[in-house]
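Here is how the chains run, residue by residue.
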Amino acid sequence: MLQDSSPEDSFLRDSFGREFHYLRLSVTDVCNFRCTYCLPDGYQGRPDAAFLSLDEIRRVAAAFAATGTGKVRITGGEPSVRADLTEIIAAVKATPGIRTVALTTNGYRLAERIDDWAAAGLDALNLSIDSLDPAVFAAITGHSRLRDLLAGLDRALALGIPRVKVNAVLLRGQNDDQIDRFLDWLRGMPITLRFIELMQTGDNAEFFRRNHVSGEELRRRLLASGWSPVLRSRDAGPAQEFHHPDYQGRIGLIQPYGKDFCATCNRLRVSALGRLHLCLFSEQGIDLRHLLRADEQREELIAFLRARLADKKVSHFLQDGFSGGTRHLAMIGG
Ligand code: SAM
Ligand code: SF4
């Protein structure tokens with residue numbers, strides 16, 4: 001007698017037994033910031049490039065959801081440069097099986113748009129703030145909108161967005177001496193502040209050599225001052241989180257060069273040009289666009305995804321200085 005198939009039977013799996021429940025979907029390469037580690041000369045691509053349409057985004061979300069993906073993070077470039085971002089959030093949220101719709105943004109339009117995004121169903125927000133010092137923030141990002149970003153963050157909290165996180169890339173001599181200021185801020189801020197180790201990409205090798213700071217020292221310092229590690233959930237991101245009874249906020253630490261970072265990989269990426277990236281640092285990505293023309297192609301798309309997963313490698317090999325075809329993270333969304 002045939003047994004009922006369990007939801008686990010449909011999961012996307014690779015040849016190392018890792019399951020993929022989490023999709024990072026880039027909706028544009030374009031960005032209006034010039035972060036020193038990402039796009040120091042500003043966006044150089046073609047802003048008129050044909051990024052995924054709303055229908056294509058719906059089809060990607062539906063195919064991944066059918067294989068057990070429950071969480072989609074919308075990213076970029078800067079996703080809020082797309083005029084239809086609210087519709088994108090609503091479309092992904094309306095996909096049966098998708099429980100969590102998250103957004104990563106530089107916050108440029110946060111204060112003015114967060115009400116719409118929340119109404120469209122946004123469940124989780126990651127806002128990038130590399131420094132709480134306005135002058136340092138401007139020096140890193142090329143924009144002096146820190147005050148607006150913080151107002152947008154307050155509004156997101158007031159609206160009750162369930163999960164709010166702030167990302168800060170650790171940079172030698174720029175913000176690694178401002179940890180205390182960040183920690184003070186967290187005493188009364190019910191958010192998770194994630195420190196990300198700078199990653200080497202094709203374009204930033206020299207910058208990386210000068211500015212990379214290991215998160216190890218910060219990890220030791222947190223453990224020595226009463227912060228405790230939090231258990232990870234299945235669709236968790238790559239951060240190890242810490243909590244402390246005296247702080248409303250939590251700390252997350254993302255150490256891509258850490259031992260076994262790739263062992264817990266649970267996410268796949270689709271770029272704004274419709275290419276599947278098995279790893280943040282894979283080569284050119286695998287074109288999916290020919291399978292996104294009609295809803296009827298869903299089964300074919302799912303079969304294609306399953307077959308391609310066999311090619312996923314065990315590690316990103318970043319520790320060997322390998323950054324694949326990734327010139328900067330704006331290309332596929334970090
Ligand atoms: N523009 C949006 C933003 O900045 O939040 C979304 C895209 S951005 C590529 C996503 C995240 O990647 C940001 O938090 C950014 O700070 C981080 N990031 C970009 N380049 C990085 C690098 N080389 N190493 C580590 N993090 C990086
Ligand atoms: Fe733009 Fe985000 Fe890259 Fe900064 S990190 S340049 S905001 S894509």
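The shown structure was predicted, so the numbers you read here are calculated from the model rather than taken from an experiment.

What follows is about the site of ligand 2. Around ligand 2, the structure places Cys31, Phe33, Cys35, Cys38, Leu39, Gly77, Asn106 and Ala330. Counted by class, the shell around ligand 2 contains 6 nonpolar, 2 polar and no charged residues.

Here the focus is the packing of aromatic side chains. Under the defined criterion, the tally for this structure stands at 4 aromatic pairs. Ring geometry for Phe33 against Tyr108: centres 6.0 Å apart, planes inclined by 85°, an arrangement best described as edge-to-face. Placement of the pair is Phe33 in the loop between strand 3 (22-26) and helix 1 (54-66) and Tyr108 in the loop between strand 5 (100-105) and helix 3 (110-119), with a sequence separation of 75 residues. Classification of Tyr108 by relative accessible area gives partly exposed; the value is 22%. Centroid distance Trp227 to Tyr247: 4.7 Å. Interplanar angle 40°. Geometry classified as tilted. Of the two residues, Trp227 sits in the loop between helix 8 (216-224) and strand 9 (228-229) while Tyr247 sits in the loop between strand 10 (240-243) and strand 11 (250-254), which places them 20 residues apart along the sequence. Residue Trp227 is classed as buried on the basis of its relative accessible area of 3%. Over the ring of Tyr22 we find Lys71, and its NZ or CZ is 4.5 Å from the ring centre. Taking the ring centre of Phe304 as reference, the NZ or CZ of Arg308 above it sits at 5.3 Å.

Low-pLDDT portions of the prediction should not be read for the details of their coordinates. On average, the protein chain scores 90 in pLDDT, and the residues at 70 or more come to 90%. Counted against residues more than four places away or in other chains, residues 1-5, with its pLDDT under 50, gives 0 contacts.

Not every one of the 20 residues close to ligand 1 is listed here, only the nearest: Tyr37, Gly77, Ser128, Asn167 and Met199. A distance of 2.9 Å separates an oxygen atom of ligand 1 from a polar side-chain atom of Tyr37. Within the side chain of Ser128, a nitrogen or oxygen atom sits 2.6 Å from an oxygen atom of ligand 1. For ligand 1, whose accessible area on its own is 550 Å², the fraction buried by protein is 94%. Taken together, the elements giving at least two residues each to the shell around ligand 1 come down to strand 5, strand 7 (163-170) and strand 8 (192-197). When grouped by side-chain class, the residues that make up the shell around ligand 1 number 7 nonpolar, 11 polar and 2 charged.

Here is what the cut-offs are and how they apply
- Residues numbered from 1 in each chain as written.
- Chains lettered and ligands numbered in written order.
- Predicted model: local features only at pLDDT ≥ 70, side-chain atom pairs only at ≥ 80, totals over all residues.
- Heavy atoms only, no water.
- Near = heavy atom within 4 Å.
- Nonpolar A, V, L, I, M, F, W, Y, C, P; charged D, E, K, R; others polar.
- Phe/Tyr/Trp six-rings, centres within 6.5 Å; stacked < 30°, edge-to-face > 60°.
- Helix = DSSP H or I, 4+ residues; strand = E, 2+ residues; numbered from the N terminus.
- Buried < 20%, exposed > 50% of the residue type's maximum accessible area, 1.4 Å probe, protein only.
- Lys NZ or Arg CZ within 6 Å of the ring centre and 35° of its normal.
- pLDDT = per-residue confidence, 0-100.
- Contact = heavy atoms within 4.5 Å.
- Polar contact = N/O pair within 3.5 Å; in protein donor to acceptor, adjacent residues only side chain to side chain.
- Areas by Shrake-Rupley, 256 points an atom, 1.4 Å probe, with all protein chains shown as cover.

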